[in-house]
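# Reading the structure
Spelled out, the chains give:
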Amino acid sequence: DEEKAPKDKRLFVSAPTRDLQKSLSAEQVFKRLKEGHQRFCEGHSVHNDLHDQLAETAEAHHPLAVIVSCVDARVSPERVFDVGLGEALVVRSAGNIISPESLGSVEYASALAGVKLMVVLGHTRCGVIKAGVAVSEGDQEVCACEHTAALVAPVGELLSELRASGEEREPH
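Just so it is clear, the structure is predicted and the values come from calculations on it, not from any experiment.

## Notes on the overall build of the chain
A tally of regular secondary structure across the chain gives 7 helices and 3 strands. When its helices and strands are written in sequence order, the chain yields α-α-α-β-α-β-α-β-α-α. Of the roughly 11,000 Å² that the chain leaves accessible, carbon and sulfur atoms contribute 55%.

Next up, the structure:
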């Protein structure tokens with residue numbers, strides 16, 4: 001709908017360059033992500049030319065941020081922050097559970113890819129967290145699958161520890 005779109009529909013004409021990446025501070029990158037989120041919330045997302053950006057990033061990419069997010073299909077970090085190809089490295093795992101591999105990806109983003117900002121994107125009604133709550137309350141049937149149990153168990157253990165210490169808070 002052209003009538004609702006902002007005048008400058010292509011704020012990111014191309015993928016970030018090394019010069020742009022080096023010139024921006026973490027605060028400036030955060031501001032860009034917040035502005036992208038605002039556009040997303042208002043229904044005015046930028047219409048990046050993904051084919052151009054794919055060609056521009058074929059040899060190298062210079063991302064501005066790393067975003068750690070849940071695998072939940074309702075939460076796409078690239079859409080939520082309205083970024084195009086090459087702008088963000090996204091590390092996704094169910095429940096935002098950080099494995100050594102996920103942590104290595106975040107370290108790579110910072111040390112080798114040059115990102116300026118790390119964002120941890122959570123969301124409401126996360127299935128893995130709900131399963132962890134059920135496990136912490138004694139429901140062992142919720143994770144009958146071997147690998148799901150390995151994912152959910154740490155959440156349940158943490159919640160049990162918080163209850164025991166008296167530090168548990170109601171979710172909000």
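What follows picks up the thread again.
## Regarding a nonpolar patch on the surface
Among the surface-exposed residues, Leu50, Leu54 and Leu85 lie close enough to one another that they form a single nonpolar patch of about 270 Å² accessible area. Relative to the helices and strands, Leu54 resides in helix H3 (residues 50-56). Take Leu54: its relative accessible area is 53%, and that puts it in the exposed class.

## So, unusual backbone geometry
We note that Asn96 has phi near 60°; this positive angle belongs to a residue other than glycine. For Asn96, a relative accessible area of 18% corresponds to the buried category. Here Arg125, not a glycine, exhibits a phi torsion of approximately 55°, which is positive. Arg125 sits in the exposed class, given a relative accessible area of 57%.

## Observations concerning helix H6 (residues 127-136)
Three or more residues of H6 are buried, namely Val128, Ala131, Gly132, Ala134, Val135 and Ser136. Of the surrounding elements, those touching the buried residues of H6 are helix H7 (146-165). Immediately downstream of H6, the backbone of Gly138 shows phi near 100°, a positive value.

## Focus: the nonpolar core
Of all hydrophobic cores here, the largest spans 14 residues; its most connected members are Val29, Leu33, Ile67, Phe81, Leu117 and Val119. Of all the elements in the fold, those that place two or more residues in this core are helix H2 (26-42), strand E1 (65-69) and strand E3 (117-121). Broken down by element, this core gets its largest block of residues, 3 residues, from E3. Every residue in contact with Val29, bar those within four places of it in the chain, is listed here: Leu24, Leu64, Ala65, Lys116 and Leu117. In this structure, Val128, Val135, Val152 and Val155 belong to the second largest nonpolar core, which totals 9 residues.

## What to know about the environment of Ser93
In this structure, Ser93 sits in the loop between strand E2 (88-92) and helix H5 (100-111). Judged by relative accessible area, Ser93 falls into the buried class, the value being 12%. Taking the C-alpha atoms as reference, Ser93 lies 8.6 Å from Asp72; in sequence the two are 21 residues apart. Apart from residues lying up to four places away in sequence, Ser93 is in contact with Ser69, Cys70, Val71 and Ser102.

What counts, and at which threshold
Residues numbered from 1 in each chain as written. Predicted model: local features only at pLDDT ≥ 70, side-chain atom pairs only at ≥ 80, totals over all residues. Heavy atoms only, no water. Helix = DSSP H or I, 4+ residues; strand = E, 2+ residues; numbered from the N terminus. Areas by Shrake-Rupley, 256 points an atom, 1.4 Å probe, with all protein chains shown as cover. Patch = residues over 30% accessible without salt bridge, like charges linked within 9 Å, V, L, I, M, F, W, Y side chains within 5 Å. Salt bridge = Lys/Arg side-chain N within 4 Å of Asp/Glu carboxyl O. Buried < 20%, exposed > 50% of the residue type's maximum accessible area, 1.4 Å probe, protein only. Contact = heavy atoms within 4.5 Å. Core = buried A, V, L, I, M, F, W, Y, C linked by side-chain atoms within 4.5 Å.

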